[in-house]
Amino acid sequence: MKNFQRNRNKRVLAVACAWALALGHGMVQAVPQSTAETRPRINLFPTSVVENLSETSRAAREMENGMYEVVARLEKQKQAYQGTHCDGSDDPGCVQLRKAIRGTYKEMLEVMQAGIPQMRRSLDATADSMGTSLRSEIGRKMTPADVQRILGGRAAGQQGLAASTASSKRQGKLSKMFSRYYELVKRGGKQSDALPVLASQIYLDSMQSLYFLDLIEAEIGSQSTELVLELEWGELTDQITATVTDVKALLWGESDQGQEILEVGLERAAPGDNYSDLLVQ
Amino acid sequence: MTRNRRWMARASVLAAVLATAACSQQPRHDTGYCSLSHTNNVDRLFAEASENLHDSNCHYHFPEYRERLVAAAKGAPGPENEARFAGLLRESIDLGIISKRQGQEVFSQYFDPEFYAVKSEPRSSCSSLKHRDRMQTAMREELAYKREGMLEILDDQARFRQAQRYYSDLNLVFDAVDVACSQEL
C-alpha cells in the first residue's frame, strides 16, 4: 500500500514537473516575443499594395508601348519641320508636313485617351493604399523620432542605414520605375530600415503621376479633334509642345536614375560610438 | 627702544599677513579672471575651461567657453575633439552647470548624425507634421551645427554624409506622411 502511495506521489510529481517545464518553455518563448513587440513595428506593404504596384507597372508598360512609337514619330516630324524652316511657310511640302504632324498628334491623343482610364485606376489604387499605409503605420502609430529610429536601423537590430534617393521628383521610365518598386517591395523584408523611404517615394511618385495624368487629360479635353485638325500649326505649337512635354515627363521622366533606387537600404551604418550617455536613444 | 622695535616688528608681520589675506580674498571674478587665455592650443584651452568651470563664479561663462572651444577646435580638426567636448560636457553636467538634457542636446546637435530636433518631438507624426515648418527650420539649423561639428571640428566627412542622408530621407518620409495625413481631412 505504501509502495502504491509512493508510486502515485512520484507520478504526480513527474506530471507536475512536466507541466512546470512546459510552462517554463512557453515563458521562455514568450519573452523574446514581447521584447520584439516593444520595437516599432511597421507593415507598410500589405498584399493589396504589392498587387497594386504590379498592376500599375503593367498598365504603365501597356501605355508606354502604345505611346512610344507615336511620340517618336511626332518628335521626328517636329525636328524636320523646324529644320526646314517651315514655320509660317505656304510651301506645299511644309503644308503636307503640318498635316502629318497634326495627324500624328491626334493619334497620340487618342492612344493616350484610351490608356488613361486604366492607368488612372491603378495609380489611384496604389496612391490610396500607400497613403492609407503611411497614414496608419507612420502618421498615427509613430512619432517622428520612431521614424528616425527605423531609418537608422535600430529597430531591426543595428542594421544598415537607408541610402538616400534624395529626391521626391519622379525619375525614369514609369513602367520601369513601378516594376523596380514592385521588386523592392517583394524583397523588402530584408531592409526594413529603408521601407519608409521606399513607401514615401512610391506614394509621392504615384501622386505626381496622377497630377501629370490630370494635366494631360485636361489638355486633351480642351483640344477637340476638330480643333486639332482645323488649327494651323503655328497657332498650335505651344499647346502641342506642352502636351507632348507632359506626356514624355509622365512616361519617360527626366532621366533614368533607377540604379539609385536599387541602392535603397543596402549601405551599412558605422559601428556604435562611445558616447551613448550624451545621445538621446 | 627695544620694546618699540619689537612692536614695530610685530606690526610689520601683522601687516604682511593681512596684506596676503587681502590679496587672496580679492574678488576672483575681476576682469579676465574667468576668461580663457589667448592660446590656440586646443588641449590647453579645454584644460583651462575645465579648471575654470570648477569655480562657481565662472559657471555663467559656459556659453562663452563653448564658442571659444568650437572656434579653437575648428583650427585643429580631428576625431580626438569629440572626446574633448564629451569630457567637458560630462563635467559640466556633473557640476550642475547644465542639465543632462542640455548636454545631450549640444552633443547631439554637433556630433550625432541623427537629428535631436526630431527626437524631441513627442507627438504622433500626423500631429507633429502640422507644424512641419517649425520642425524643418530646426532640422536645417541643426544640419548647420552638424556641418560645423562633423566637418570642421572632427573632419569626418562620412559622418556628415550620413547626417545629410538622414536629413533627405526624413524630409522625403515627412513629405509623404504629411500629404497622406492631410488627404484624410
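**Quick notes on the overall build of chain A**
Inference 1: Helices and strands together make up the secondary structure of chain A, namely 9 helices and 0 strands.
Inference 2: When the helices and strands of chain A are placed in sequence order, the string is α-α-α-α-α-α-α-α-α.
Inference 3: Residues classed as buried in chain A amount to 42% of the 281 residues present.
Inference 4: Of the contacts formed within chain A by residues at least 6 apart in sequence, a portion of 85% connects residues at least 24 apart.
Inference 5: A total of about 14,800 Å² of accessible surface is found on chain A, and carbon and sulfur atoms cover 54% of it.

**Notes on the side chain of Ser175 of chain A**
Inference 1: Mapped onto the elements of the fold, Ser175 of chain A is located in helix H5 (residues 174–186).
Inference 2: Judged by its relative accessible area of 6%, Ser175 of chain A falls in the buried class.

**Thoughts on the nonpolar core**
Inference 1: Phe45, Met108 and Met112 of chain A are the most contacted members of the largest nonpolar core, which totals 77 residues.
Inference 2: When near neighbours in sequence (up to four residues on either side) are disregarded, Met108 of chain A contacts Met67, Val70, Val71, Leu74, Thr243, Val244 and Val247 of chain A.
Inference 3: Formed by 29 residues, the second largest nonpolar core is a distinct cluster that contains Leu45, Ala73, Ala86 and Ile153 of chain B.

**A word on the confidence of the model for chain B**
Residues and elements named next belong to chain B.
Inference 1: Averaged over every residue, the pLDDT of chain B is 86; residues scoring 70 or more account for 83%.
Inference 2: Per-residue pLDDT, averaged within each element of chain B, yields its smallest value for helix H1 (residues 2–24) (53) and its largest for helix H4 (residues 80–94) (96).
Inference 3: Here residues 17–29 is modelled with pLDDT under 50, and outside its nearest four sequence neighbours on either side it reaches 4 contacts, counting other chains as well.
Inference 4: Two numbers describe this predicted complex: its pTM, 0.70, and its ipTM, 0.77.

**Comments concerning the packing of H5 of chain A against helix H6 (residues 195–222) of chain A**
Residue and element names in this part refer to chain A.
Inference 1: The N-to-C vectors of H5 and H6 enclose an angle of 155°; their axes lie 11 Å apart at closest approach. Compared by their axis directions, H5 and H6 come out roughly antiparallel. The chirality of how H5 crosses H6 is left-handed. Mapping the contact onto sequence places Leu174, Met177, Phe178, Tyr181, Leu184 and Val185 in H5 and Leu198, Gln201, Ile202, Asp205, Ser206 and Ser209 in H6.
Inference 2: In the contact of H5 with H6, the residues fall into 8 nonpolar, 3 polar and 1 charged.

**A closer look at the pattern of salt bridges**
All names here are of chain B.
Inference 1: Across all of its chains, the model carries 19 salt bridges over all chains by this definition.
Inference 2: Among the ionic pairs, Lys119 bridges to Glu114, the shortest N-O distance being 3.5 Å.
Inference 3: For Lys119, a relative accessible area of 14% translates into the label buried.
Inference 4: Exposure remark for Glu114: the relative accessible area of 7% places this residue in the buried category.
Inference 5: The closest approach of N and O atoms between Lys146 and Glu142, which form a salt bridge, is 2.9 Å. With Lys146 and Glu142 both in helix H8 (residues 132–153) and 4 residues apart, this pair spans about one turn of that helix.

**A closer look at the state of the cysteines**
Inference 1: Counted according to the given criterion, the structure contains 3 disulfides over all chains.
Inference 2: A sulfur-sulfur separation of 2.0 Å characterises the disulfide bridge that pairs Cys86 of chain A with Cys94 of chain A. Residues Cys86 of chain A and Cys94 of chain A share a disulfide whose torsion about the S-S bond is about -75°; that sign makes it left-handed. No difference in accessibility class separates Cys86 of chain A from Cys94 of chain A, as the two residues are buried.
Inference 3: Bridging Cys126 of chain B to Cys181 of chain B, the disulfide has an S-S length of 2.0 Å. One quick way to see it: the torsion about the S-S bond of Cys126 of chain B and Cys181 of chain B is about -75°, and its sign makes the bridge left-handed. Of this pair, Cys126 of chain B sits in helix H7 (residues 125–128) while Cys181 of chain B sits in helix H9 (residues 157–184), placing them 55 residues apart in sequence.

**Observations regarding the packing of helix H3 (residues 92–140) of chain A against H6 of chain A**
Residue and element names in this part refer to chain A.
Inference 1: With their axes 8 Å apart at the nearest point, H3 and H6 run at an angle of 145° to one another. For the element pair H3 and H6, the recorded crossing hand is left-handed.
Inference 2: Each residue belonging to the contact of H3 with H6 can be placed in one class, and the counts come to 18 nonpolar, 6 polar and 4 charged.

**Considering the interface of chain A and chain B**
Inference 1: Opposite the 39 residues of chain A that make contact, chain B presents 42 residues.
Inference 2: Contact with chain B buries area across many residues of chain A, yet Gln148, Leu278 and Val280 of chain A alone supply 22% of it, more than any other trio.
Inference 3: For the interface between chain A and chain B, the tally reads 0 salt bridges.
Inference 4: There are 7 residue pairs in polar contact (both at pLDDT 80 or more) connecting chain A and chain B.
Inference 5: Residue assignment for the side of chain A that touches chain B shows that the elements contributing at least two residues are H3, helix H4 (144–151) and H6 of chain A.
Inference 6: With 7 residues, the top contributor of residues to the side of chain A that touches chain B is H6 of chain A.

**Comments concerning unusual backbone geometry**
Inference 1: If you check the backbone angles, His85 of chain A has positive phi at about 50° while not being a glycine.
Inference 2: Residue classification places His85 of chain A among the exposed positions, given a relative accessible area of 67%.
Inference 3: Here Asp155 of chain B, not a glycine, exhibits a phi torsion of approximately 60°, which is positive.
Inference 4: Tracing the backbone shows Asp155 of chain B in the loop between H8 and H9.

**Describing helix H3 (residues 62–75) of chain B**
All names here are of chain B.
Inference 1: Compared with the 20 Å implied by 1.5 Å per residue over 14 residues, the 20 Å span of H3 between its first and last C-alpha is a close match.
Inference 2: For H3, the full list of buried residues reads Phe62, Tyr65, Leu69, Val70, Ala72 and Ala73.
Inference 3: Tucked inside the fold, the buried residues of H3 contact helix H2 (42–53), H4, helix H5 (100–111) and H8.

Definitions and limits used
Residues numbered from 1 in each chain as written. Chains lettered and ligands numbered in written order. Predicted model: local features only at pLDDT ≥ 70, side-chain atom pairs only at ≥ 80, totals over all residues. Heavy atoms only, no water. Helix = DSSP H or I, 4+ residues; strand = E, 2+ residues; numbered from the N terminus. Buried < 20%, exposed > 50% of the residue type's maximum accessible area, 1.4 Å probe, protein only. Contact = heavy atoms within 4.5 Å. Areas by Shrake-Rupley, 256 points an atom, 1.4 Å probe, with all protein chains shown as cover. Core = buried A, V, L, I, M, F, W, Y, C linked by side-chain atoms within 4.5 Å. pLDDT = per-residue confidence, 0-100. Axes fitted to C-alpha atoms, helices over the stretch in contact; angles between N-to-C directions. Parallel < 35°, antiparallel > 145°, perpendicular 65-115°, else oblique. Left-handed = near helix turned anticlockwise from the far one by under 90°. Nonpolar A, V, L, I, M, F, W, Y, C, P; charged D, E, K, R; others polar. Salt bridge = Lys/Arg side-chain N within 4 Å of Asp/Glu carboxyl O. Disulfide = S-S within 2.5 Å. Buried area = accessible area lost by both parts, 1.4 Å probe. Polar contact = N/O pair within 3.5 Å; in protein donor to acceptor, adjacent residues only side chain to side chain. Expected span 1.5 Å × (residues − 1).

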